[in-house]
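# Breakdown of the fold
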Amino acid sequence: LDAQSRLIFSLISTAYSEDEIGPSFELARAAVDVAQPLFAARPADLRFRRQLAYALYTLGSQHREVGETAQALEYFERATPHYEEVYKAQPSTDVRGTLAQCYKRLGAINVERKEFAQAQTYTEVKYAPEVGSRWQVVSVSDSEEIKPGSQTVVQKVTMTSEFTVEEKLPTGHRVTYVVRD
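Basis of the calculations
Residues numbered from 1 in each chain as written. Predicted model: local features only at pLDDT ≥ 70, side-chain atom pairs only at ≥ 80, totals over all residues. Heavy atoms only, no water. Helix = DSSP H or I, 4+ residues; strand = E, 2+ residues; numbered from the N terminus. Rg over C-alpha atoms; globule rule 2.2 N^0.38 Å. Salt bridge = Lys/Arg side-chain N within 4 Å of Asp/Glu carboxyl O. Buried < 20%, exposed > 50% of the residue type's maximum accessible area, 1.4 Å probe, protein only. Core = buried A, V, L, I, M, F, W, Y, C linked by side-chain atoms within 4.5 Å. Contact = heavy atoms within 4.5 Å. Pairing = 2+ DSSP bridges. Axes fitted to C-alpha atoms, helices over the stretch in contact; angles between N-to-C directions. Phe/Tyr/Trp six-rings, centres within 6.5 Å; stacked < 30°, edge-to-face > 60°. Lys NZ or Arg CZ within 6 Å of the ring centre and 35° of its normal. Expected span 1.5 Å × (residues − 1). Left-handed = near helix turned anticlockwise from the far one by under 90°. Nonpolar A, V, L, I, M, F, W, Y, C, P; charged D, E, K, R; others polar.

## Section: the overall build of the chain
Summing up its helical and strand segments, the chain has six helices and three strands in all. Counting helices and strands in the order they occur from the N terminus, the chain gives α-α-α-α-α-α-β-β-β. Taken over the C-alpha trace, the chain has a radius of gyration of 21 Å; the compact-globule value for 181 residues is 16 Å, which it surpasses by more than 25%. Taken over the C-alpha atoms alone, the chain extends approximately 70 × 45 × 40 Å along its principal axes.

Okay, here's the thing in structure tokens:
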């Protein structure tokens, strides 16, 4: 089972790095084909559920890339409940992030299809960040300074900020936001 598990990640990684769509689809489909029986053999094992979700999400991403919206929607819809179950059993920031990506893609596809009520069910999913979770944001912008003689000097300015969820409150969350140089 461990060898099959490693094979799934290898197929998915190669699918994302493949430049040509044909081989990329084949690799993503192969990942799903390996992941489904692995999950079926051990449905209580969260690693295999997560790998199936990842394989389904990857195949959905491939369809989305080439504009096959109906197929992309199908695979994202199949991946999402698996990610929800994994997150419910073992909450973590990385699973929550991937789950948020599923919701985002499902919402975007439904907006494109003008199915706004359905899109709203995905875009209004409540985010419940874990206490102690931390995000770091690095932003880079240009700063212009006009020197005497109409000479303009452009410099890159980098700002790093950190957002930490400190405590869950009845009305939301207490957070700390720090800007670092």
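After that view, the rundown keeps rolling.
## Side note on the pattern of salt bridges
Following the criterion strictly, the structure yields seven salt bridges and no others. Between arginine 47 and aspartate 45 there is a salt bridge; the shortest N-O distance is 3.2 Å. Owing to a relative accessible area of 41%, arginine 47 belongs among the partly exposed residues under this scheme. The exposure class assigned to aspartate 45 is buried, which follows from its relative accessible area of 19%.

## Re the nonpolar core
By size, the foremost hydrophobic cluster in this structure holds 35 residues, and its most contacted members are Ile8, Ala55, Leu56, Tyr57, Leu59, Phe76 and Tyr83. In terms of residue count, the dominant contributor to this core is helix α2 (residues 21–41) (nine residues). Excluding its chain neighbours within four sequence positions, the residues that come into contact with tyrosine 57 are Tyr16, Phe76, Ala79, Tyr83, Gln101, Cys102 and Arg105.

## Observations regarding the sheet that holds strand β1 (residues 134–147)
One open sheet holds the three strands; their spatial order is β1-β2-β3, and the pairing between them is antiparallel. Only two strands of the sheet have a single partner each, and these edge strands are β1 and β3 (172–180). With direction set aside, neighbouring strand axes in the sheet form an average angle of 25°. For β1 and strand β2 (residues 151–169), the ladder comprises 14 bridges, and the chain directions are antiparallel. Within the sheet, the bridge partner assigned to tryptophan 135 lies in β2 and is phenylalanine 163.

## What to know about the packing of aromatic side chains
Using the criterion set out here, one finds two aromatic pairs in the structure. Ring geometry for phenylalanine 9 against tyrosine 54: centres 5.8 Å apart, planes inclined by 45°, an arrangement best described as tilted. Here tyrosine 54 lies in helix α3 (residues 46–65) and phenylalanine 9 lies in helix α1 (residues 2–17), a separation of 45 residues in the sequence. In this structure tyrosine 54 comes out as partly exposed when scored by relative accessible area, which is 26%. Their ring planes at 50° and their centres at 5.3 Å tell us that tyrosine 57 and phenylalanine 76 sit as a pair that is tilted. Of this pair, tyrosine 57 sits in helix α3 while phenylalanine 76 sits in helix α4 (residues 69–89), placing them 19 residues apart in sequence. When sorted by exposure, tyrosine 57 lands in the same class as phenylalanine 76, which is buried. Arginine 96 extends its terminal NZ or CZ atom over the ring of tyrosine 87, reaching a point 5.3 Å from the ring centre.

## A closer look at helix α5 (residues 93–112)
An ideal rise of 1.5 Å per residue puts 28 Å on 20 residues; α5 measures up with 28 Å between its terminal C-alpha atoms. At its buried positions, α5 is contacted by α3, α4 and α6 (116–123). Among the residues trailing α5, lysine 114 stands out with phi positive, at a value near 60°.

## Some words on the packing of α3 against α5
Two elements in contact, α3 and α5, have axes whose closest approach is 12 Å; the angle formed by their N-to-C orientations is 35°. The element α3 and its partner α5 pack so that their crossing is left-handed. Taking contact as the criterion, the partners of Arg50, Tyr57, Ser61 and Arg64 in α3 are, on α5, Asp94, Val95, Gln101, Cys102, Arg105, Ala108, Ile109 and Glu112. Grouping the constituent residues of the contact of α3 with α5 by class yields five nonpolar, two polar and five charged.

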